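Residue-level structure breakdown
What follows is the residue order along each chain.
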Amino acid sequence: MERFPLKATKMAATYQSVYKKGTSQGNGHGDPSGEDDMVNINTGSQRAADTPTTPTSHGTFQLYEHGTRYSDASATCEADDIPGIGQYEDFHTIDWQRDIARDRMRHRYIVKKRQDSIWDLIKGAHDAWSGWVCVLLVGICTGVVAGVIDIGASWMTDLKFGICPQAFWFNREQCCWSNDEITFDRENCSEWLTWPQVFGESRDGPGAYIISYLFYIVWALTFAALSASLVRMFAPYACGSGIPEIKTILSGFIIRGYLGKWTLIIKSVGLILSVSSGLSLGKEGPMVHIACCLGNILSYLFPKYGRNEAKKREILSAAAAAGVSVAFGAPIGGVLFSLEEVSYYFPLKTLWRSFFCALIAAFILRSINPFGNEHLVLFYVEYNKPWKFFELIPFVGLGIIGGCIATIFIKANIYWCRYRKYSKLGQYPVMEVLVITLVTAIIAYPNPYTRMNTSQLIYLLFNQCGISNTPICDYKRNFTDLNTIENAVAGDGVYRAMWLLTLALILKLVMTVFTFGIKVPCGLFIPSLALGAIPGRIVGIGVEQLANKYPKSWLFSGECSSDDDCITPGLYAMVGAAAVLGGVTRMTVSLVVIMFELTGGVRYIVPLMAAAMASKWVGDALGKQGIYDAHIALNGYPFLDSKDEFQHTSLAADVMQPKRNETLSVITQDSMTVDDVETLLKETEHNGYPVVVSKESQYLVGFVLRRDLNLAIANARRTIEGITGQSVVIFAVGGGPTLASPTGPPPLPLARILDLAPITVTDQTPMETVVDMFRKLGLRQTLVTHNGRLLGVITKKDVLRHVKQMDNEDPNSVLFN
């Protein structure tokens, strides 16, 4: 019985109309937050989650799915005579207990029917394998879509710098494969024409620089304008990262349209455009959203998942794992990311399916080979040098630096998103995108480290120096053996590169603060890795030069006594990248696994663990939430984080609605007419109503949902002859006493829509226990009793508001404003 529920549909309509006028709502993701209760099932746009269930108390649970009654005793099913029963409305949370129990009844019915015929046996086998088939299809589709996005983004990014005359659809690297050059130099490939060369200018010179600069800005603005316009016109939910919303959806919340086909198409196309525009964003977070869209759409091929929201969340958890798998080329890291960061509930069965889905997605992407390097990511590197024990000091230092950078970013980004949400700026989302793109392009082009694609920058920072003329590898070395690079002093190019990298760090930090949350598809993983890789490389070069200058020092002696390189600056960049990403997202285990899968640096797990833990500790000390949790709170989504602890001493009676001595809206089991019930529905906005014995004897009989009640009455007026406003509504099991006179209208039996086993607590139950029940059982509401008599109800929204109130925060922020 959740309050304020029916506002949700109006709010959804308001949101769509307001967005079309250009108003930004939510945290910059373009998603509303909302009420607590139900879902819709028709459009390919459902969200998902996973949550545990345990048997309910208080006797038998009679289940009715879409008007079909499943009896555990007889395993018989009646006709589907009340369409829509068991479905959910938009901006509500699902009832895990009911959905999981309904699936158990359905499964028992199928198992029993398998004995009847060969056809029933086949149907039983199909039901058993449908989950594996579904995640197989999700993995295949995710791998294909990721390959297309990677290839498209690579080509369009290079389009800002020039074109391949022989085949305009080739990017710079593919264009140069066609000539006879043995080595590939990105800057001097004769087959690739820069824009000045296309117009007859030379490759270098002031005129060429100006032309290149202008084309860089024009292409960036074109791509960004296209991306923002597509999102605004066709799929408002396609903007942002999507991970905060996916976390909320997997906890059981419904955002209709968020995982639909239009969101999938526009997010995929818009992601290619926004990444190519040169904005400070990445495509990894949105890949999780895209994979979940595919999981949601494909789940409708299997009614077991498509028609049951709790079961659908098993598929969406596996899809989230596949999304990270193809984004980073890290299938194991993807499974752990789904477990640690995204999924609300992750049973062993879901773990296996997520593993399988991530494996298939990675295999498909590897077959497509979008980067042409036989690896799943652009910046795969492999180090050969072991790390030294004394390096743990700078590694932990990088963890501390990463935690500080992450905290600065989170606080600044949330401040800016809150300003956008409540100011006139939010009314002009496309204009905001264009202004940020223009400023980014103008500032980024002069610096070679901000001009290049962020993934290429990370690869450059991670990579070891060899025989190279890049400024960051300008060392005074003599190469006598290609396999042995002697310790050397840094040249002028290295110091110039360090200054340029410092400027790049400041620019990327500032621009990412303003970029994350604008109305284009934008992820945070790649910018976070870059924000950590830059200081990491600088620290690595510093430690390397110290080891070169003071080789006999007590710190370096013994460890760095040979002539070979003792320090690998690229390793420091990798550790720094992990530190900032860990500080921003507060991931630990999955982060370490993603990083060593990402780079091939398996032997560097200990440095990565040290940096990730230091970063998390610093981040937790300076701010309570990671970026995704902060955006969930900013949007007001009804999300109860299982990682938080409830430390207050309040009781259920303090939180329940209504308060003591206030009137509780209830339905009696056999003494209210249809008119009485419809009047109650009009005068109140609760999402459900307790059913009691009588007004005088308020002993609990069960709980009925508002939506089911409306559907059942409307269906009865249509199909049952003689039902009028004076017909008595009977909730008593077995029909109850017939109170109508022989000449009066027939009664309306509605026992089939009654939940006979609602979860209840007493008024003296500590709220700590109640909060645990909501988290672990996925409850939507619980009823409060005293000596068996009904006192009130506690909904998920009530719990969230109470938690915020006790933490001295605004309790109304939970509502959809």
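Predicted model, so just to flag it, every value in this text is computed and none were measured.

What the protein contains, in helices and strands, is 28 helices and 15 strands. Of all 817 residues assigned to the protein, the portion counted as buried reaches 60%. About 32400 Å² of surface is accessible on the protein, with carbon and sulfur atoms providing 61% of the total.

Now for the state of the cysteines. The full count for this structure, using the stated rule, is one disulfide. For Cys164, the disulfide goes to Cys175, at an S-S distance of 2.1 Å. Since a negative S-S torsion denotes a left-handed disulfide, the Cys164-Cys175 link at about 80° is right-handed. You can see Cys164 sitting in the loop between β3 (162–163) and α4 (172–177) and its partner Cys175 sitting in helix α4, a full eleven residues away along the chain. You can call Cys164 buried: its relative accessible area is 2%. Its sulfur unpaired, Cys141 is 9.7 Å from the next cysteine sulfur, which belongs to Cys357.

All right, on to the side chain of Ser212 then. Within the secondary structure, Ser212 sits in helix α6 (residues 206–234). Discounting chain neighbours no more than four positions away, the residues touching Ser212 are Pro196 and Tyr445.

Another aspect to go through is helix α17 (residues 454–462). All buried positions along α17 are accounted for by Thr454, Ser455, Leu457, Ile458, Leu461 and Phe462. Down the axis of α17, the buried set is contained in an arc of 160°. They therefore lie on one face. Taken together, the buried residues of α17 touch α16 (448–451), α18 (492–515), α19 (525–549), α20 (569–585) and α21 (589–599). One side-chain oxygen of the residue at the start of α17 lies 2.8 Å from the amide nitrogen of Ser455, identifying that residue as Asn453.

Attention now goes to the environment of Asn715. Looking at the secondary structure, you find Asn715 in helix α26 (residues 706–719). Judged by its relative accessible area of 8%, Asn715 falls in the buried class. Placed 633 residues apart in sequence, Asn715 and Ile82 show a C-alpha to C-alpha distance of 6.3 Å.

This next bit is on the nonpolar core. Formed by 170 residues in total, the largest nonpolar core has its most connected members in Phe328, Phe337, Phe409, Phe462, Leu529, Met595 and Ile794. Setting aside anything within four residues of it in sequence, one finds Phe409 in contact with Leu509, Thr512, Val513, Phe516, Leu524, Val584 and Ile627. Formed by 24 residues, the second largest nonpolar core is a distinct cluster that contains Val691, Ile723, Leu754 and Leu756.

This part covers the side chain of Ser280. Note that Ser280 resides in the loop between α8 (261–276) and α9 (284–299). With relative accessibility at 5%, the residue Ser280 sits in the buried group. A polar atom in the side chain of Ser280 sits 2.5 Å from the side chain of Thr512. Residues in contact with Ser280, not counting those within four places in the same chain, are Lys508, Met511, Thr512, Thr515 and Pro527.

Looking now at the sheet that holds strand β12 (residues 748–749). With mixed pairing, the three strands of this open sheet are ordered in space as β8-β11-β12. The open sheet is flanked by β8 (672–673) and β12, the only strands paired with a single partner.

For any pair of aromatic rings, the description rests on two quantities: the centre-to-centre distance and the angle between the ring planes. In total, this model carries 23 aromatic pairs according to the counting rule given. Taken together, Phe161, Tyr209, Tyr213, Tyr216 and Tyr445 form an aromatic cluster joined through their ring pairs. The ring centre of Tyr445 lies 4.2 Å from the NZ or CZ of Arg451, which sits over that ring. Directly above the ring of Tyr699 sits Arg789, whose terminal nitrogen or CZ lies 5.7 Å from the centroid.

Packing of α8 against α9 brings their axes to within 9 Å, and their N-to-C directions diverge by 150°. Considering the angle they form, α8 stands roughly antiparallel to α9. Helix-helix and strand crossings are classified by hand; for α8 and α9 the assignment is left-handed. Here Lys261, Thr263, Leu264, Lys267, Ser268 and Leu271 of α8 lie close against α9, whose contacting residues are Pro286, His289, Ile290, Cys293, Leu294 and Ile297. The class makeup of the residues in the contact of α8 with α9 is seven nonpolar, three polar and two charged.

Take the sheet that holds strand β9 (residues 688–692) next. Spatially, three strands are ordered β7-β9-β10 in an open sheet, and the strand pairing comes out mixed. Among the strands making up the open sheet, the edge pair consists of β7 (667–668) and β10 (700–705). One ladder, built from two bridges, connects β7 with β9; its direction is parallel. When the bridges of β9 are listed, Ile667 appears paired with Val691. Sheet contacts for α26: β7, β9 and β10; angle to β10, the most-contacted strand, approximately 80°.

For the peptide bond that leads from Gln657 to Pro658, omega is -10°, which places it in the cis range. Considering the arrangement of structural elements, one finds Pro658 in the loop between α24 (652–655) and β7. A positive phi is found at Arg586, a non-glycine position, where the angle reads about 65°. Looking at Arg586, the relative accessible area reads 10%, which means it is buried.

The next thing to look at is the environment of Met773. Note that Met773 resides in helix α27 (residues 767–777). The sequence separation of Met773 and Ile759 amounts to 14 residues, and the corresponding C-alpha distance is 9.5 Å. Those residues within four positions of Met773 in sequence are excluded, and the remaining contacts are Ile759, Val761, Gly778 and Leu779.

Glancing now at a nonpolar patch on the surface. A cluster of nonpolar side chains, Tyr428, Met431, Val435, Leu438, Val439, Ile442 and Ile443, forms an exposed patch at the surface whose accessible area comes to about 610 Å². Within the secondary structure, Leu438 sits in helix α15 (residues 429–444).

Conventions and cut-offs
One numbering rule holds for all chains: residues counted from 1, following each sequence as written. Per-residue local features of the predicted model are confined to residues with pLDDT of at least 70, and side-chain atom pairs are confined, for both listing and counting, to 80 or more; whole-chain, interface and lining totals are unaffected and use all residues. Computation of side-chain values covers all heavy atoms of the structure but excludes hydrogens and water. Secondary structure elements are defined from DSSP: runs of H or I of at least 4 residues count as helices, runs of E of at least 2 residues count as strands, and each element is numbered from the N terminus. Residue burial is assigned from relative accessible area. The probe radius is 1.4 Å, only protein chains are included, and a residue is buried under 20% of its type maximum, exposed over 50%, and partly exposed in between. Per-residue and other accessible areas were derived by the Shrake-Rupley procedure at a 1.4 Å probe size, with only the shown protein chains allowed to occlude residues. Cysteine sulfur atoms are paired as a disulfide whenever they come within 2.5 Å of each other. In this analysis, two residues are considered to be in contact whenever any of their non-hydrogen atoms come within 4.5 Å of each other. Our arc is simply the arc of the directions from the helix axis toward the C-beta atoms. Under this definition, polar contacts are N or O atom pairs within 3.5 Å; protein pairs additionally need one hydrogen-donor-capable and one acceptor-capable atom, and for neighbouring residues in sequence, both atoms have to be side-chain atoms. By convention a nonpolar core is built from buried Ala, Val, Leu, Ile, Met, Phe, Trp, Tyr and Cys residues, the set being connected through side-chain atoms within 4.5 Å. One requirement defines pairing of two strands: DSSP has to find at least two bridges between them. Aromatic pairing here means that ring centres of Phe, Tyr or Trp (its six-membered ring) are within 6.5 Å. Orientation follows from the plane angle: under 30 degrees is stacked, over 60 is edge-to-face, and everything else is tilted. The rule is short: NZ of Lys or CZ of Arg within 6 Å of the ring centre and within 35 degrees of the ring normal puts a charge over the ring. Axis definition: a line fit to C-alpha positions, over the contact stretch in the case of helices; interaxial angles, taken between N-to-C directions, run 0 to 180 degrees. If an angle is under 35 degrees, it is roughly parallel; if it is over 145, roughly antiparallel; if it lies from 65 to 115, roughly perpendicular; otherwise it is oblique. Put simply, a crossing is left-handed when the front helix is turned counterclockwise from the back one by less than a right angle, and right-handed when it is turned clockwise. Residues are grouped as follows: nonpolar covers Ala, Val, Leu, Ile, Met, Phe, Trp, Tyr, Cys and Pro; charged covers Asp, Glu, Lys and Arg; every other residue, Gly included, is treated as polar. Patch membership requires over 30% relative accessible area and the absence of a salt bridge. Like charges are linked within 9 Å, and nonpolar side chains (Val, Leu, Ile, Met, Phe, Trp, Tyr) within 5 Å. A pairing counts as a salt bridge when a side-chain nitrogen of Lys or Arg comes within 4 Å of a carboxyl oxygen of Asp or Glu.

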